[in-house]
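Listed here are the chains, written in short residue letters.
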Amino acid sequence: MGASLPPKEANLFKLIVKSYETKQYKKGLKAADAILKKFPEHGETLSMKGLTLNCMDRKSEAYELVRRGLKNDLKSHVCWHVYGLLYRSDREYREAIKCYRNALKIDPDNIEILRDLSLLQAQMRDLSGFVETRQQLLTLKPNHRMNWIGFAVSHHLNSNGSKAVDILEAYEGTLEDDYPPDNERCEHGEMLLYKISLLEECGLLERALEELHKKESKIVDKLAYKEQQVSLLVKLNRLEEGEKIYRVLLSMNPDNYRYYSGLQKCLGLYSEKGQYSSEEILQLDALYKSLREQYSWSSAVKRIPLDFLQGEKFREAADNYIRPLLTKGVPSLFSDLCPLYDHPGKAGIIEQLILALESSIKTSGGYPGRAEKEPPSTLMWTLFLLAQHYDRRGQYETALAKIDEAIEHTPTVIDLYLVKGRILKHAGDLAAAAALADEARCMDLADRFINSECVKRMLQADQVGLAEKTAVLFTKDGDQHNNLHDMQCMWYELASGESYFRQGDLGRALKKFLAVEKHYADMTEDQFDFHSYCLRKMTLRAYVEMLKFQDRLHSHAYFHKAAAGAIRCYVKLYDCPSKSSNDEDDEMSKLLPAQKKKLRQKQRKAEARAKKEAEDKNEEESTATGNSKSGKRQHAKPVDLDPHGVKLLQQVEDPLLEATKYLKLLQKNSSDSLETHLLSFEVNMRRQKVLLAYQAVKQLLRLDADNPDSHRCLIQFFHKVDSMAAPVTDSDKLVWSVLEAERATLSQLHEKSLIEANNSFLEKNKDSVMHRAAAAEILYVLEPNKKPEVIKLIEDTTNNLESTNGALGPVKEWKLKDCIAVHKLLGTVLGDPDAASRWKVRCAEYFPFSCYFEGIHSSAVSKSADEKICKTPENGGLNHQKAGQSIDSHSVNGKLETFKDLTI
């Protein structure tokens, strides 16, 4: 390093390196300039100057200098290493690895380069290369603990756990008997626990347990020790010993659900599906009674029996569980009970139980069978719970009546307004739901959660502008939307993107969805710093778990929503392309010369103004922030020059190709989702990729053959194939022969025509509105001349009652979102506005709170009525009051101002 320089300049070169390492960039730059005055073509100095400039955000100069330095000294490992560091800073990891390998050809034993290479190999999951590099590091520096641990971890990640155990044991053999000293006991204990987890993973359970007992005194984390011990005992079927350990763990933390599950396993009373015989239920009941006596303060020991108890015993246990929580006023009680609604019969028992409590409190002021009076708030929380119960069961009118009664009882409880908004959202009145959420927000302006809930409701009601203004109330001053992006506020970006998509604003929708995708890319990059940190700090179990988490990162629900949203945007862009530059040129050619000149001048002025505003804002912010002591300029983030996403859409040359990039990620990480394969079908049918489209159909049939969308895609696919021209080329003939062979294997089409298959599907699912709609749509595709029959098929669907034992009225089977989908089918695909209108009138009766269908109690109807009254002055006072009352029956407890502002 700097070997070709005279002593004075060599010392200056060392100063450059030291200044770079200590982040004193100005000092390093000054030293580099001093060398380059005498030796202007010295390659290593040019490279180091470029690296220093890169840290000062002068990237173009940095790359130019580093490339020039490398050109002047191709045989310098420093130049190649610096070039790799430059690529690494820009996340060009593959290029960085190439540079490191070139550097190692010149200096194969350079520890710094080998360490940097190993970090990149771990990041890129080049596991065989990672093993090789860590072995080389260990060979060069065997007295360094981190090299032993890194070599062991590399083998573990490369699916060679037994070799990793051997390496850790070899490392332990180098330690003295009194190791570790007090300041390293935690780290050494973590290494021992990691080794035992490796033995468990390799199936060497007896050896792992023996090692655990042997090293007990050296393991500091006693909780992890006991959890590891009981895990091994259960796997070894030593259940009596395991039971004792689980009871010890419960004494340490009686609210840990995993410990209760483990104890049940040890006693032979555990079922994955939660199904137990009557004998097992009796044993479990006895077990939890004894545990309740032991841990009377634990909520888990009272809640878990509700999952397995049945009938009268369930009623008694639920009653004992619910009463104290209502008295205490726990708003999350319904969320706690919600999983029980999936158990047959339990929802009805809960309903009867709460109604009995409500009746007793109203008549006697206390719970049934008790002389003590309850505080007044108990009635309010009981009504609150009942409202959520009826909301869960789809009985929205009853739910609203209960929550209104609770609000009348105590108008100052914010949770009541939030729940009322949620009920109205489920009932289909999104505008009123947003108004109620804003009412709740105004009651406590310092609560971020309520603010976020309000923003979410506004976005669901497509009030994006108002939602943005509300969201930024909890961001820092300055560029507020960038601040939301920096905070990785993905729920907001997803909800905004979905709202823009519903409104047809593809540019903004796509920007929001791609912003979420960028967050996941950042998360992937964020793991880089942990590759060295975790090995140094010995947090090995957490490190391996983090890597596994990163490998399945793109299976997260938020990424799935963002990718699916982006694909839908690209598909819509393909179907309805935006105006191209050629179209705009054609429009320009139609103008007069004077008009063209005026329009171009206007466009140039607008671009210049936008550019100047962005530069001025950046300059003001950077001046306010100033430069850091290290010389690194503190740049403000650039202003978004494409806030509406217009340029983003214009830059998309092949929408389906862009959609395919995200589709591949979904197919890899969300292969068990129907939506993934539906999108795959849509994209590949448009790309004329027949086999890929058929692959999507097969996946749909595998996941849910009776789903209406699966049936729709199956019949549409073979109808499209049948309508194609006969194959000519050998490849086309091969594809067709594959499809014919596959068609014979499908039970849905076996010895049936497409019409017969559709009729069979309809007969099998004739009571479901969505299945009938799918069959009707397919019939229209197969026989377009039978449109009246298709319409009749949909309109003849009956809305039957669900099999429920609700005490206050029946619930219909049809769901609001399904009816909206059918209405859109009638209006757009079938193109029959009369049928769509008839369906709308019919659904308005079933969904009286739905704004989409303009139900009688919806805010859309109330608003239009109010507007008509305002335009009729002779009906002034009385009629206006009636309109107010109609809104008040389901809005904001009589406070209409906010609601009117929101719905304008």
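Note that the structure is a prediction, hence the values are computed from the model and not measured. (Residues numbered from 1 in each chain as written. Predicted model: local features only at pLDDT ≥ 70, side-chain atom pairs only at ≥ 80, totals over all residues. Heavy atoms only, no water.)

### Overview of the overall build of the protein
Operational definition: Only DSSP runs of H or I with at least four residues qualify as helices, and only runs of E with at least two residues qualify as strands; both kinds are numbered from the N terminus onward. Contact between two residues is taken to exist if any of their heavy atoms lie within 4.5 Å; hydrogens are not considered.
Assigned secondary structure in the protein consists of 49 helices and zero strands. Long-range pairs, those at least 24 residues apart, make up 59% of the contacts in the protein with a sequence separation of at least 6.

### Description of the packing of aromatic side chains
Note the following rule: Put simply, two rings from Phe, Tyr or Trp (the six-membered ring, in Trp's case) pair if the centres are within 6.5 Å, and we call them stacked under 30 degrees between planes, edge-to-face over 60, tilted for the rest. Classification of residues uses two cut-offs on accessible area relative to the type maximum, computed with a 1.4 Å probe and protein chains only: under 20% is buried, over 50% is exposed, and between them is partly exposed.
Under the criterion given, the structure shown has 21 aromatic pairs. Residues Tyr520 and Phe559 carry aromatic rings whose centres are separated by 5.4 Å and whose planes lie at 70° to one another, so their mutual orientation is edge-to-face. Taken together, the residues span a long stretch of sequence, with Tyr520 in helix H30 (residues 506-526) and Phe559 in helix H33 (residues 557-575) at a distance of 39 residues. On the basis of relative accessible area, Tyr520 is assigned to the buried category, the value being 1%. Grouping aromatic residues by their ring pairs yields a cluster made of Tyr260, Tyr276, Tyr288 and Phe308.

### A short note on a nonpolar patch on the surface
The criterion, for reference: Patches in this entry comprise residues that are over 30% relatively accessible and not in a salt bridge; like charges within 9 Å are linked, as are nonpolar side chains (Val, Leu, Ile, Met, Phe, Trp, Tyr) within 5 Å. The protein chains shown are the only cover counted for residues, whose accessible areas, like all others here, come from Shrake-Rupley with a 1.4 Å probe. Salt bridge, as used here, is a side-chain nitrogen of Lys or Arg placed within 4 Å of a carboxyl oxygen of Asp or Glu.
Taken together, the side chains of Leu223, Val248 and Met252 define a hydrophobic patch exposed on the protein surface, amounting to about 230 Å² of accessible area. In this structure, Leu223 sits in helix H13 (residues 222-235).

### Observations regarding the packing of H33 against helix H37 (residues 655-669)
Operational definition: Only C-alpha atoms enter the line fits that serve as axes; for helices the fit covers just the stretch in contact. Angles between N-to-C directions range over 0 to 180 degrees. Any angle that falls under 35 degrees is termed roughly parallel, while one over 145 is termed roughly antiparallel, one within 65 to 115 roughly perpendicular, and all others oblique. Helix crossings fall into two classes, left-handed where the near helix is turned counterclockwise from the far one by less than a right angle and right-handed where it is turned clockwise. Polar here means any residue other than Ala, Val, Leu, Ile, Met, Phe, Trp, Tyr, Cys and Pro, which are nonpolar, and Asp, Glu, Lys and Arg, which are charged; Gly is therefore polar.
For the pair H33 and H37, the least separation of the axes is 9 Å and the interaxial angle reads 160°. Regarding the angle of H33 to H37, the classification is roughly antiparallel. The two elements H33 and H37 meet at a crossing, and its hand is left-handed. Where H33 approaches H37, its residues Phe559, His560, Ala563, Ala564, Ile567, Tyr570, Leu573 and Tyr574 are matched on the opposing element by Pro655, Leu656, Glu658, Ala659, Tyr662, Leu663, Leu665 and Leu666. Of the residues assigned to the contact of H33 with H37, the class counts are 14 nonpolar, one polar and one charged.

### With respect to the layout of surface pockets
So the rule is basically this: A cavity here means a set of 1 Å grid points, computed over protein atoms only, where a 1.4 Å probe fits but cannot escape. A pocket is an open set with protein on both sides within 12 Å along at least 5 of 7 lines, and lining residues have an atom within 4 Å of a point. Grid points are joined across faces, edges and corners, and a volume is the space filled by probe spheres set on the points.
Quantified by volume, the second largest pocket comes out at close to 1,400 Å³. Along the walls of the second largest pocket sit 39 residues, with Tyr20, Leu85, Arg88, Asp116 and Phe528 positioned nearest its centre. Of all the secondary structure elements, the ones that give two or more residues to the lining of the second largest pocket are helix H1 (7-21), helix H3 (43-55), helix H5 (77-89), helix H7 (111-123), helix H8 (127-140), helix H9 (145-157) and H30. Residue contributions to the lining of the second largest pocket peak at seven residues, all from H5. The class makeup of the residues in the lining of the second largest pocket is 16 nonpolar, eight polar and 15 charged.

### A few points about helix H31 (residues 530-537)
The set of residues buried in H31 consists of His531, Ser532, Cys534 and Leu535. Those residues of H31 hidden inside the fold are in contact with H7, H8, H9 and helix H32 (540-551). In the stretch just after H31, Met538 is the one whose phi turns positive, near 65°.

### Comments concerning the nonpolar core
Let me state the cut-off plainly: Only buried Ala, Val, Leu, Ile, Met, Phe, Trp, Tyr and Cys residues count toward a nonpolar core, and they belong to the same one when joined by side-chain atoms within 4.5 Å.
One finds Ile149, Tyr260, Tyr288 and Leu291 to be the most contacted residues of the largest nonpolar core, which totals 114 residues. Here this core gets nine residues from one element, more than from any other, and that element is helix H22 (residues 377-392). If near-sequence neighbours (up to four positions away) are discounted, Tyr288 is found in contact with Tyr260, Gln264, Val301, Ile304, Pro305 and Phe308. The next biggest cluster of nonpolar side chains, apart from the first, holds 47 residues, and it includes Met490, Phe559, Ile567 and Leu648.

### Some details on the confidence of the model for the protein
Cut-off, in case you're wondering: A residue's pLDDT is the confidence the predictor assigns to it, expressed on a 0 to 100 scale.
In the predicted model, the protein carries a mean pLDDT of 86, and 87% of its residues have values of at least 70. The secondary structure element of the protein with the lowest average pLDDT is helix H48 (residues 876-888), at 35, and the one with the highest is helix H38 (residues 674-686), at 95. Here residues 624-635 is a poorly scored stretch, pLDDT under 50, and it has 18 contacts once near neighbours within four places are set aside; other chains count. Predicted confidence is poor over residues 868-904, with pLDDT under 50, and the contacts of this stretch with residues over four places away or in other chains come to 54 contacts.

### Quick word on the side chain of His560
Relative to the helices and strands, His560 is located in helix H33. When its relative accessible area of 11% is taken as the criterion, His560 is described as buried. When near neighbours in sequence (up to four residues on either side) are disregarded, His560 contacts Leu666, Ser670, Ser673, Glu675 and Thr676.

### A closer look at the packing of helix H40 (residues 708-723) against helix H41 (residues 730-745)
Packing of H40 against H41 leaves a shortest axis separation of 12 Å and a crossing angle of 140°. Comparing their axes, H41 and H40 come out oblique. In this structure, H40 crosses over H41, and the sense of that crossing is left-handed. Where H40 abuts H41, its residues Phe717, Phe718, Val721 and Asp722 lie against Trp736, Leu739 and Arg743. Tallied by class, residues from the contact of H40 with H41 come to five nonpolar, no polar and two charged.

### Here's the deal with the pattern of salt bridges
By the definition in use, this model includes 58 salt bridges. Across the pair Asp285 and Lys313 runs a salt bridge, and its minimum N-O distance is 3.4 Å. Here Lys313 lies in helix H19 (residues 311-328) and Asp285 lies in helix H16 (residues 278-294), a separation of 28 residues in the sequence. Residue classification places Asp285 among the buried positions, given a relative accessible area of 7%. Judged by relative accessible area, Lys313 falls into the partly exposed class, the value being 37%.

### Details of the side chain of Ser298
Going by this rule: Whenever two N or O atoms come within 3.5 Å, that pair is a polar contact, provided that in protein one can donate a hydrogen and the other can accept it, and provided that, for residues adjacent in sequence, both atoms are side-chain atoms.
Tracing the backbone shows Ser298 in the loop between H16 and helix H17 (300-303). For Ser298, a relative accessible area of 0% gives the class buried. Here the side chain of Ser298 touches Val301 through a polar contact of 3.4 Å, landing on its backbone nitrogen. When sequence neighbours within four positions are dropped, the list of residues in contact with Ser298 reads Pro254, Asp255 and Tyr260.

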